[in-house]
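# Structural overview for review
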Amino acid sequence: MSDLPYVWIRPQLSDGRPLVLSDECACSSGCSFHLNDTLPTNGTKSARFVSSCFGYGYASVRKCDGFFVFYIDSTVYTWWMFYSIDIEACFAPYSSSCQKTSNITDSDLHVCPEVRSFHEETEDGLTMEAVFKCLFQPVPGNIEYDVDWYIDGTLVNNARFSRVSYSNINDTTFRPRHWTNNFTMSFQVSCAVKSRDTISGNQGNFHKSHPYFAGIKSDHLQYSVIEGETIQIGLQATVPFSCPSVLSDAMKASHCNFQFYIWTPGEGQCVNGQTSNGVAFKDNPCGILFGYKDRRTSINVTGYIDGLVNFGERKSILKVASTRNPMDSSGIWDDVKIPDIIVIVKDKDILVSGKFCASYTDPHQRTFDGKHFPNQRAGEFLLYRHKTLPYTVHVLFSACVWGRATCNCGIAIRSGGSLFSVRTCAEVSTTWTKTLSVPEEKNDICNEDDMRIQKYWRYYTVTFPSGTVVSFSVSWWGSWIGSIRIRASVSDIGNTEGLCGLVNDDVTDDFIPKNGQSATDKNRFAESWRIPMNSLDESLFVRNPKILSESFSTDSNTDNENYCTCPSDEPVNSYSPDFETRNQAHCNQTTPSSVCGSQVSMVTDISSCTTSKHRRKRSVNSDDIGDATTLTYATDFDETAVFNVSDWINGWNATSARKYCEDAFTFDPAVETCNELVNISAESYIASCVEDIKMSGNTTWVEDTLDTLKGACLTEAQKQEVFYTNSSSNSSEELSIIQLITAQLCPANCSGNGQCKEAMCSCNDGFIGSDCSVRESMPPTEFSLPSSGVCDTRQRLCQHTNIAGKFYSENVLANFSYFKVGETESSNPFSVMQNATFRHFNLITVTLPEIPVSSRRRRRSVMDGVHSWNITLSYDGKTFSGHVTLLVYDSQQYSCDTQTLVCQKLISESNSPSPTSDAAVQVPVIAGVVVGVVIVVVIGILIVLIKKKRIPEGRAQSVIGIQKDDEKTTNDTGTEFVGDSDSGPAIPSLPPIHYVYQKKRSGTDISLHFNIKD
């Protein structure tokens, strides 16, 4: 409208009404704008216009050859512009050719045509098609007309009609056959008419109509929307849709739907763990439908939440194109593209800048709005819960300084039906400490879109689809979770509860208790969010939390909402009867946002989903397993206990503690950087540091407190888009501000043994660890195998095994030494070294070597089905740790004690080979030959033994123990079998057989049961 001159204009409406704007066009704010007056029967009059938003105004209206034009003078123009009324989509400048000319020859033969679209039968009468007609008032007398048709200003040569009487003017109809071979809709069509008097021979000039847009257009060419909010974009078809006339109304309704796909090019990139899109489509899965009777529809467009505080507005381009409908015999709607629609997305993330909740060290609590309070209680608590979305975070506290303080020892994060948790305590207590040697993780990710998990050494980051970020780290000084932080997203505003409080920039209502409406004191508030001990209904630390199997329903405002994004560079040119576009769309049922990036899901406890939907399929023989423990509560656990320490210990006092903490924070360069650039003050953290020293009597929590400040600084800096684009004037190098900040945020400043870059240490040679504090020459010391070192081939493939422990480098070497249970040390020891696969600081995976050839060729023994490895670990390949032992066998054929390395062979007629046993791959022909030979040999030996009474009373198993100094082995009846140290007992050295020796009254009956193994 801003470029429109003070001219006569006419409505550009498709249905012929002179001026009705209330349902077809609206001002930019969505208010109706319409005529509230009578139209002149002839001549010109001043007419009143009314807006439901902005009042009324006047404009001149003139009747012109059966339609009306309106004059916009400076007064009306100023009025419209003052109220920002946008009518550009509804009005178009009136062509001057519609006015009478001063040419005397032309004055009586002047016609003023206009183009309209109609739905009528084809020329053969078999179906319906969309056509264009050139309408005008006839000139009195014996007049004939020439009619020419134009598309986008180009004359269509096969659509020129000459000397047509007005009674036959329908013969000039512009049909699809005239243009479909050379043009695609979304064009401007116009007609030109020249009249001639057949009696006088006088003829007028060609007068051209105003262009008529043929296709589908949006009400406006540009829109604006705020992140997380929804607008409606109206679309109008100016040409009717066709459908075979022979179909019933019901068949037309089901088969004559015209499909249009939506896509947004240049979007879908992954930025800081969230997908960067411009818009999401609510209830429109990348497509819209027009029924054959429809002339209008709309798209619900929501501003996409990108999780960044944008330094400028984002722009999204909506492209819309049709598919090919087989019911459209004329093909006029094939591959029709709607003019691009621009959507400007306005930022809302600025409202959650600096909004983070924290629980750190012993533990100090911080609400989203910045209120601090201590919470010296033990047990499980609800830290964060979204009121309308299925996002929850629980924390676990247990005594860490006996009688003086509790600490974080567990965090459980739930999103939809998925759960991720990390726990460092074996038991919750108020009187003593019982921790796990290795942090235990549980990963029930049922849908990869539920959350994004990233790990870096002791540090974890979990992102919800809404953009809410949960960060935590395992403590520097022991098996505790030193720091937990939750950074709020736009979706959290006014929608959070729990110990984190309500996100609304008002600290006075942070202490709203569970099921409460108003704030209370900190003690009642904290206690209200306690989870009952071992509650199957509420706890997230029990084996199968009930909450994961329950469907989540939101309130009436968000129920059944569905958001989709449509990032693509090309349209989908395929027709689908069911219009199933969800395969091309990325849909998230909760928020207009999604997580992205590499998903780290390898953990020490691999378990399957508890929900039926998206259930994760796992191989029966999966080697990716780990030991899982059950959380317990101490028998004397007291839910009412609250620690309140008033005395100082170990020679500390308020002055000395304050000085120590201030020095620690002053000497760390990250503190000043975060204060200046990210506006994170150190004062509250210094106060927490002092309290930590008072409760513990030492300084072990100082690094965890600094970690909390640095983590909050890093998360906040990553949310500022301007930090990624602007360079620092204080840096001699071309570094962005985010690079400058993250270069100061490494743990312990890399201990002086490395360089800091992007908050990660690059250690100097000879040093390892997230903080470069460990020498590479020191091998791993605390690690263990799952299932106490037993790999059961009945349950697993036993090709790989996990090793849980504490690892300080991604480069871990594993050395395997093979030995046979029940044998003395081999004269030809076999060992092999290989690189382990680093999974996380508490987990590596190794591949088991093949059984050595020398072991396969040696003479057979009862324990041939048991394979044993001693495994040692090293970082530098020179200094190795002590060993752990792995036993590989079939539990239905053997029973082994991993502590004593004593195995028993279980003998049963029903024994069947393991799916992974060697017997499964033997060649049947060879096996048959071996069986025949064995039968002959065994019968001969048994006859000899019977005569010498060497076979004991019936036994169903033989027991072999480890003997290093004696080559003799004895079974449990005292019968001695003599053999060499390599072959074992005389009888078991043969191909294994099962035997039963029975005495009967009538004599001796020998039953032989053969179980050929090799």
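Keep in mind the model is a prediction, meaning the values are calculated, not measured. (Residues numbered from 1 in each chain as written. Predicted model: local features only at pLDDT ≥ 70, side-chain atom pairs only at ≥ 80, totals over all residues. Heavy atoms only, no water.)

A count of helices and strands for the protein gives 14 helices and 62 strands. Accessible area for the protein stands at about 45,600 Å²; split by element, carbon and sulfur atoms hold 49% of it. (Helix = DSSP H or I, 4+ residues; strand = E, 2+ residues; numbered from the N terminus. Areas by Shrake-Rupley, 256 points an atom, 1.4 Å probe, with all protein chains shown as cover.)

What follows concerns the sheet that holds strand S14 (residues 216-218). The six strands are arranged S14-S16-S22-S20-S40-S41 in an open sheet whose pairing can be described as antiparallel. Each edge of the sheet is formed by a strand with only one pairing partner; in this case those strands are S14 and strand S41 (586-588). Within this sheet the neighbouring strands show an average axis-to-axis angle of 35 degrees, counted without direction. Bridge count between strand S16 (residues 230-237) and strand S22 (residues 296-303): seven bridges; the pairing is antiparallel. Paired with isoleucine 233 across the bridge in S22 is isoleucine 299. (Pairing = 2+ DSSP bridges. Axes fitted to C-alpha atoms, helices over the stretch in contact; angles between N-to-C directions.)

The next subject is the pairing of strand S54 (residues 867-874). The buried fraction of S54 is high, at seven of eight residues. Strand direction decides the pairing type here: S54 and strand S55 (residues 884-889), joined by five bridges, are antiparallel. Bridge pairing in S55 places isoleucine 871 opposite valine 884. (Buried < 20%, exposed > 50% of the residue type's maximum accessible area, 1.4 Å probe, protein only.)

The full count for this structure, using the stated rule, is 13 disulfides. The residue that forms a disulfide with cysteine 750 is cysteine 761, at a sulfur-sulfur distance of 2.1 Å. Because the torsion about its S-S bond is -100 degrees, the bridge between cysteine 750 and cysteine 761 counts as left-handed. Pair noted here: cysteine 750 is in the loop between helix H12 (737-742) and strand S43 (754-757) and cysteine 761 is in strand S44 (residues 760-763), with a separation of eleven residues, a long-range link. Relative accessible area serves as the criterion here: at 0%, cysteine 750 is assigned to the buried category. Between the sulfur of cysteine 763 and that of cysteine 772 lies a disulfide, 2.1 Å long from S to S. One disulfide, between cysteine 763 and cysteine 772, carries an S-S torsion of -95 degrees and so falls in the left-handed class. (Disulfide = S-S within 2.5 Å.)

Right, let's talk about the environment of serine 195 for a bit. Note that serine 195 resides in strand S11 (residues 187-197). Separated by ten residues in sequence, serine 195 and asparagine 205 place their C-alpha atoms 7.4 Å apart. Here serine 195 is in contact with Leu109, Val139, Ile143, Glu144, Tyr145, Gln203 and Gly204, once residues within four sequence places are set aside. At 2.5 Å, the side chain of serine 195 and the backbone oxygen of leucine 109 are in polar contact. (Contact = heavy atoms within 4.5 Å. Polar contact = N/O pair within 3.5 Å; in protein donor to acceptor, adjacent residues only side chain to side chain.)

Once that is clear, we can look at the packing of aromatic side chains. Taken as a whole and assessed by the stated rule, the structure comprises 31 aromatic pairs. An angle of 35 degrees between the planes, with centres 5.5 Å apart, marks the rings of phenylalanine 381 and phenylalanine 397 as tilted. Taken together, the residues span a long stretch of sequence, with phenylalanine 381 in strand S28 (residues 379-386) and phenylalanine 397 in strand S29 (residues 391-401) at a distance of 16 residues. Neither phenylalanine 381 nor phenylalanine 397 differs from the other in exposure class; each is buried. Clustering of aromatic rings is evident, with ring pairs tying together Phe241, Phe258, Phe260, Phe290 and Trp333. Taking the ring centre of tyrosine 150 as reference, the NZ or CZ of lysine 208 above it sits at 4.1 Å. (Phe/Tyr/Trp six-rings, centres within 6.5 Å; stacked < 30°, edge-to-face > 60°. Lys NZ or Arg CZ within 6 Å of the ring centre and 35° of its normal.)

A separate point is the environment of aspartate 864. By the element assignment, aspartate 864 lies in the loop between helix H13 (853-857) and S54. Taking relative accessible area as the criterion, aspartate 864 reaches 16% and is therefore assigned buried. Each C-alpha atom, one on aspartate 864 and one on valine 821, is 8.8 Å from the other, the two residues being 43 residues apart in sequence. Ignoring any residue separated from it by four or fewer positions in sequence, one finds aspartate 864 in contact with Lys820 and Tyr894.

In spatial order, the strands read S27-S26-S25-S37-S36-S35-S34; together these seven strands make up an open sheet with antiparallel pairing. At either end of the open sheet lies a strand with only one pairing partner, and these are strand S27 (372-374) and strand S34 (452-456). Pairwise comparison of adjacent strand axes, ignoring direction, gives a mean angle of 15 degrees for this sheet. Note that strand S35 (residues 459-463) and strand S36 (residues 469-474) share five bridges and pair antiparallel. Bridging across to S36, tyrosine 460 finds its partner in phenylalanine 472. Sitting on the sheet, helix H10 (residues 702-718) is in contact with strand S25 (356-360), S35, S36 and strand S37 (481-487), with an inclination near 25 degrees to S37.

Here the focus is the packing of helix H7 (residues 654-666) against helix H9 (residues 683-696). Their axes nearest at 9 Å, the elements H7 and H9 cross at an angle of 135 degrees. As summarised for this structure, H7 and H9 are arranged oblique, according to the angle between their axes. Crossing angle aside, the handedness with which H7 passes H9 is right-handed. Of the residues in H9, those touching H7 at Ala657, Arg658, Tyr660, Cys661, Glu662 and Phe665 are Glu683, Tyr685, Ile686, Ala687, Cys689, Val690 and Ile693. Looking at the contact of H7 with H9, its residues break down into ten nonpolar, no polar and three charged. (Parallel < 35°, antiparallel > 145°, perpendicular 65-115°, else oblique. Left-handed = near helix turned anticlockwise from the far one by under 90°. Nonpolar A, V, L, I, M, F, W, Y, C, P; charged D, E, K, R; others polar.)

A separate point is H10. In a regular helix each residue adds 1.5 Å, so 17 residues correspond to 24 Å; H10 covers 24 Å between its end C-alpha atoms and thus fits that length. For H10, the tally of buried residues reaches 14 of 17 residues, placing the bulk of the element in the interior. (Expected span 1.5 Å × (residues − 1).)

As for its placement among the helices and strands, glutamate 129 is situated in strand S8 (residues 128-135). For glutamate 129, a relative accessible area of 9% puts it in the buried group. Among the polar contacts made by the side chain of glutamate 129, one reaches the side chain of arginine 175 at a distance of 2.8 Å. If we skip the residues at most four places from it in the chain, glutamate 129 touches Phe118, His119, Glu120, Glu121, Thr122, Arg175, Pro176 and Ser242.

Looking now at the pattern of salt bridges. Per the stated rule, a full pass over the model turns up 34 salt bridges. For aspartate 707, the salt bridge goes to arginine 458, with nearest N and O atoms at 3.5 Å. Placement of aspartate 707 in helix H10 and of arginine 458 in the loop between S34 and S35 is noted, with a sequence separation of 249 residues between them. With relative accessibility at 10%, the residue arginine 458 sits in the buried group. Close ionic contact of glutamate 683 with arginine 658 constitutes a salt bridge, the shortest N to O distance being 2.9 Å. Separated by 25 residues along the polypeptide, glutamate 683 in helix H9 and arginine 658 in helix H7 bring together distant segments of the chain. Of the residues examined, glutamate 683 reaches a relative accessible area of 44% and is grouped as partly exposed. (Salt bridge = Lys/Arg side-chain N within 4 Å of Asp/Glu carboxyl O.)

Phi angles above zero are rare outside glycine, and glutamate 758 is one such case at about 55 degrees. Phi at serine 787 is positive, roughly 60 degrees, even though this residue is not glycine. With relative accessibility at 36%, the residue serine 787 sits in the partly exposed group.

With that settled, the discussion passes to the nonpolar core. Counting 55 residues, the largest nonpolar core has Phe132, Trp149, Phe260 and Trp333 as the members making the most contacts within it. Sorting elements by how many residues they give to this core places strand S9 (residues 143-151) first, with five residues. Leaving out residues up to four positions away in the same chain, phenylalanine 132 has contacts with Val115, Arg116, Ser117, Trp149, Thr173, Phe174, Trp179, Val189, Tyr212, Ala214 and Val239. Tyr391, Val395, Val422 and Ile484 belong to the second-largest nonpolar core, a separate cluster that totals 40 residues. (Core = buried A, V, L, I, M, F, W, Y, C linked by side-chain atoms within 4.5 Å.)

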